Amino acid sequence: DIRMTQSPASLSASLGETVNIECLASEDIYSDLAWYQQKPGKSPQLLIYNANSLQNGVPSRFSGSGSGTQYSLKINSLQSEDVATYFCQQYNNYPRTFGGGTKLELK
Amino acid sequence: QIQLVQSGPELKKPGESVKISCKASGYTFTDYAMHWVKQVPGKGLKWMGWINTYTGKPTYADDFKGRFVFSLEASASTANLQISNLKNEDTANVFCARRGLRGNWFAYWGQGTLVTVSS
């Protein structure tokens, strides 16, 4: 199984700040990586697919980058509505696997 | 618009069974597989497996072999998950999810069904 290691597990940032979340795959996943945002009591919502493609309707302050085994999600100019937990997920191989999540809070 | 609507919360005792449904709308049901994802409250996401909605063939992740059954009511555009011999550790939110139009990321998710197992 491909192991997805996400860091940090939690993060506190101020409004307007830039935030970076990292995801490390245990083997090359060839950019088959998605990022999801999950708010309490809700289902995950797709933000980024193919490592760097922005899903329709997602604000442009979200961006993804990376290749091979290392990927990152960047949130520019943090807004209050960005408070959530973020997960990475690989879809290069079965079983599909997720990172452990990053809980983003406001400072 | 594409929607996945799941059945309501369930409260069960250990040893009982539960059946969760996921009704799809807004697309041809048999064109896309349905996946199932488990989330223990406050924890991460774990992929349970998927069912081919055209052939009905299920595929289970290793941790979900034995007590878990994926099934279809294709005429009703509905995928089901049945869990038998429930254990306390089955307490979780369970989501159905479908891939996107152009790739294998999960673009569409049900709202989740909370299964609580407690004596």
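Keep in mind the model is a prediction, meaning the values are calculated, not measured.

> Kindly report on the side chain of R61 of chain A, identifying the contributing residues and their values.
Along the chain, R61 of chain A turns up in the loop between β6 (53-54) and β7 (62-67). Residues contacting R61 of chain A, with those up to four places away along its chain left out, are K74, I75, N76, S77, Q79, E81 and D82 of chain A.

> I'd like to hear about the nonpolar core, residue by residue, with values.
In this structure, M34, W36 and L81 of chain B are the most contacted members of the largest nonpolar core, which totals 42 residues. With 5 residues, the top contributor of residues to this core is strand β5 (residues 45-51) of chain B. Formed by 23 residues, the second largest nonpolar core is a distinct cluster that contains A13, I21, I29 and Y71 of chain A.

> If you had to explain the interface of chain B and chain A to someone new, which residues and values would you point to?
Listed per partner, the contact involves 18 residues of chain B and 17 residues of chain A. Between chain B and chain A, the buried area comes to about 1500 Å², and carbon and sulfur atoms account for 65% of it. The largest share of the area that chain B buries against chain A comes from L45, W47 and W105 of chain B, three residues that together contribute 41% of it. Here chain B is connected to chain A by 0 salt bridges.

Reading the values: rules and limits
Residues numbered from 1 in each chain as written. Chains lettered and ligands numbered in written order. Predicted model: local features only at pLDDT ≥ 70, side-chain atom pairs only at ≥ 80, totals over all residues. Heavy atoms only, no water. Helix = DSSP H or I, 4+ residues; strand = E, 2+ residues; numbered from the N terminus. Contact = heavy atoms within 4.5 Å. Core = buried A, V, L, I, M, F, W, Y, C linked by side-chain atoms within 4.5 Å. Buried < 20%, exposed > 50% of the residue type's maximum accessible area, 1.4 Å probe, protein only. Buried area = accessible area lost by both parts, 1.4 Å probe. Salt bridge = Lys/Arg side-chain N within 4 Å of Asp/Glu carboxyl O.

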